[in-house]
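Coordinate analysis (summary)
Okay, here's what each chain looks like letter by letter:
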Amino acid sequence: MVIGVPKEIKNNESRVGMTPAGVFELVKNGHTVYIQASAGEGSGFGDADYKKAGGLILDTIGQVYAMSEMIVKVKEPIAEEYELVQKDQVVFTYFHFASSEPLTNAMIQSKAVCIAYETVEDEEGTLPLLTPMSEVAGRMAIQQGAKYLEKPVKGRGVLLGGVPGVAPGKVLVLGAGVVGIQAAKMAAGLGAHVTILDVNMKRLRYVNDVMPPHVVTEFSNEFNIRKHIQDHDLIIGGVLLKGAKAPNLITRDMLKLMRAGTVIVDVAVDQGGCVETTRPTTHEDPVYIIDDVVHYSVANMPGAVPYTSTMALTNVTLPYVLQLANKGWEKAVETDAALQKGLNIVKGKVVYQEIAQAFGRETAMA
């Protein structure tokens, strides 16, 4: 198979879909791999590294799409890429279709085979290709939240860990999944007081068992959310519904309950956000303020630490890339139930139920 790895063109996205080690494995298996010139530079991999691994360098993104049977990348195609995606081409990347009808329509019209990292699901119900980026984003959420709590950037002026004689800051985490647990771990490590809300008691019991005493759990409902947002300094949105749009747990009217300078970091922004006032931002312009509440909602948070993120992501994607390349996509999804759940759009038809529901479409058979 001919595999193409384009350079990411989303704002400040420096990750790359494949490392030289991945190229080496594919070439060893008899495949051809095209890498767009400088695609890996942001993650610390030069064109020479890819050449040494057996990859072939192409100058433009258009060439990579035109000459490849399968595209392996990190982020969803943006508007400039829509027309580059070809009929019957396999595109393996993060899509988050439920949060973008224009992207969904564009990929339907392309008649490509869209396999989404974020919906590949193993037999235990976990999302192996989403997990590493959720780990990165959860930890980064606290770093960024701590930064934007500083007064020069309109935060409350609170140090999360406090100091002797001064109480630590308070962090509210919505969701006890991968993002939430990683965020709580980082916040707790800084010495902050952490409250985690979730509707899954099994997850809350797990958190209660593994976290230190200054991390407390409560069942998630509107009453408890309204109560806690009034006195917490940093709020982390870490809610995920597999393949579907995130629910708005914090509505516009709730912002008035928060103290001026409260910071919201909505990690769920890729799936539409769990805060009604969330809109995607970029690393270049990451925050905005509504009702004196600072919103940080960068849609590709892990892109700010591309070396760590690329290595973590490609560690888990490469086995699936090899399956798709060695067997072809149809045989690969037939023999791997986890990969089959990654199928979102196939040759003009939406085959993932939650995406179809998000836009009032019928779900087709793959």
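Here goes a summary of the coordinates provided. What you see is a predicted model; the values in this text were computed from it and never measured. (Residues numbered from 1 in each chain as written. Predicted model: local features only at pLDDT ≥ 70, side-chain atom pairs only at ≥ 80, totals over all residues. Heavy atoms only, no water.)

1. Examining the pattern of salt bridges
Per the stated rule, a full pass over the model turns up 17 salt bridges. The partner of K10 in a salt bridge is E76, and the shortest N-O contact between them spans 2.7 Å. Taken together, the positions of K10 in the loop between β1 (2-5) and α1 (20-28) and E76 in the loop between β4 (70-72) and β5 (90-93) put the pair 66 residues apart, joining distant regions of the chain. Per residue, the accessibility class of K10 equals that of E76, and both read buried. Linking D291 and R252 is a salt bridge whose minimum nitrogen-to-oxygen distance equals 3.5 Å. One end of the pair, D291, is in the loop between β12 (287-290) and β13 (293-296); the other, R252, is in the loop between β10 (234-237) and β11 (263-266), and 39 residues separate them in sequence. Bridged by salt links that share partners, the residues K10, K75, E76 and D270 form one connected network. (Salt bridge = Lys/Arg side-chain N within 4 Å of Asp/Glu carboxyl O. Helix = DSSP H or I, 4+ residues; strand = E, 2+ residues; numbered from the N terminus. Buried < 20%, exposed > 50% of the residue type's maximum accessible area, 1.4 Å probe, protein only.)

2. Here's the deal with the side chain of S43
Secondary-structure assignment places S43 in the loop between β2 (32-36) and α2 (47-52). Within the structure, the side chain of S43 is placed 3.0 Å from the backbone oxygen of S14, a separation counted as a polar contact. A polar contact is formed between the side chain of S43 and the side chain of T310, at a distance of 2.8 Å. Ignoring anything within four residues of it in the chain, the contact list for S43 reads S14, R15, V16, P306, Y307 and T310. (Polar contact = N/O pair within 3.5 Å; in protein donor to acceptor, adjacent residues only side chain to side chain. Contact = heavy atoms within 4.5 Å.)

3. So, the nonpolar core
Among the nonpolar cores identified, the biggest contains 74 residues, and V171 and I236 are the most heavily contacted of them. Residues contacting I236, with those up to four places away along its chain left out, are A141, I142, V171, L172, V173, L174, A183, V265 and V267. Ranked by size, the runner-up nonpolar core spans 24 residues in total, among them V91, F97, M107 and Y352. (Core = buried A, V, L, I, M, F, W, Y, C linked by side-chain atoms within 4.5 Å.)

4. Description of the layout of surface pockets
Put simply, the largest pocket is a space of about 1,200 Å³. Surrounding the largest pocket, 50 residues form its lining, G177, V178, V179, G238 and L240 being those nearest its centre. Looking at the lining of the largest pocket, the elements that each hand over two or more residues are α5 (131-148), α6 (178-190), β8 (193-198) and α7 (201-210). The class makeup of the residues in the lining of the largest pocket is 27 nonpolar, 14 polar and 9 charged. Estimated volume of the second largest pocket: approximately 350 Å³. Lining of the second largest pocket is provided by 21 residues; of these, E76, S99, S100, D270 and P280 occupy positions nearest its centre. (1 Å grid on protein atoms, 1.4 Å probe; cavity = no way out; pocket = protein on both sides within 12 Å on 5 of 7 lines; lining within 4 Å. Points joined across faces, edges and corners; volume = space filled by probe spheres on them. Nonpolar A, V, L, I, M, F, W, Y, C, P; charged D, E, K, R; others polar.)

5. Considerations on the sheet that holds strand β15 (residues 349-350)
Ordered by their spatial adjacency, 8 strands build an open sheet running β3-β2-β1-β4-β5-β6-β14-β15, and the pairing between neighbours is mixed. Strand pairing shows two members of the sheet lacking a second neighbour, β3 (56-58) and β15, which therefore form its edges. As paired strands, β5 and strand β6 (residues 113-116) are joined by 4 bridges and run parallel to one another. Counted as the bridge partner of V90 is V113 from β6. (Pairing = 2+ DSSP bridges.)

6. Quick word on a nonpolar patch on the surface
The grouping of L159, V163 and V166 at the surface amounts to a nonpolar patch, some 280 Å² of accessible area in total. As for its position among the elements, L159 is in the loop between α5 and β7 (170-174). Classification of L159 as exposed rests on a relative accessible area of 56%. (Patch = residues over 30% accessible without salt bridge, like charges linked within 9 Å, V, L, I, M, F, W, Y side chains within 5 Å. Areas by Shrake-Rupley, 256 points an atom, 1.4 Å probe, with all protein chains shown as cover.)

7. A word on the pairing of β8
On a regular strand, each side chain points to the face opposite its neighbour's, so the side chains alternate between the two faces of the sheet. The element β8 is extensively covered by neighbouring structure, given that 5 of its 6 residues are classed as buried. Sheet analysis places β7 next to β8, joined by 5 bridges and oriented parallel. Each residue of the ladder has a partner; that of L172, found in β8, is T195. Where the polypeptide runs from β7 across α6 and back to β8, its parallel neighbour, the crossover connection is right-handed. Sheet topology note: the β8/strand β9 (residues 215-219) ladder contains 5 bridges and is parallel. (Right-handed = clockwise from strand over helix to strand, strands pointing away.)

8. Quick look at helix α4 (residues 101-110)
All of the buried residues along α4 are L103, T104, A106, M107, I108 and S110. Against the buried residues of α4 lie β6, β14 (343-346), β15 and α12 (353-358). Measuring from the side-chain oxygen of the N-cap residue of α4 to the backbone nitrogen of L103 gives 3.2 Å; that N-cap residue is S100. Looking one or two places after α4, you find K111, whose phi comes out positive at around 60 degrees.

9. Details of the environment of M67
One can find M67 in helix α3 (residues 61-67). Of the residues examined, M67 reaches a relative accessible area of 39% and is grouped as partly exposed. C-alpha of M67 to C-alpha of V2: the two residues are 65 residues apart in sequence and 7.5 Å apart in space. Each residue touching M67, except ones within four places of it in the same chain, is listed here: V2, Y34, L58 and Q86.

10. Here we look at the packing of α5 against helix α9 (residues 306-327)
For any two helices packed against each other, one specifies the crossing angle of their axes together with the interaxial distance. At a minimum axis separation of 8 Å, α5 and α9 run at an interaxial angle of 155 degrees. In terms of orientation, α5 lies roughly antiparallel with respect to α9. Residues P132, M133 and V136 of α5 form the contact with α9, whose participating residues are S309, A312, L313 and V316. (Axes fitted to C-alpha atoms, helices over the stretch in contact; angles between N-to-C directions. Parallel < 35°, antiparallel > 145°, perpendicular 65-115°, else oblique.)

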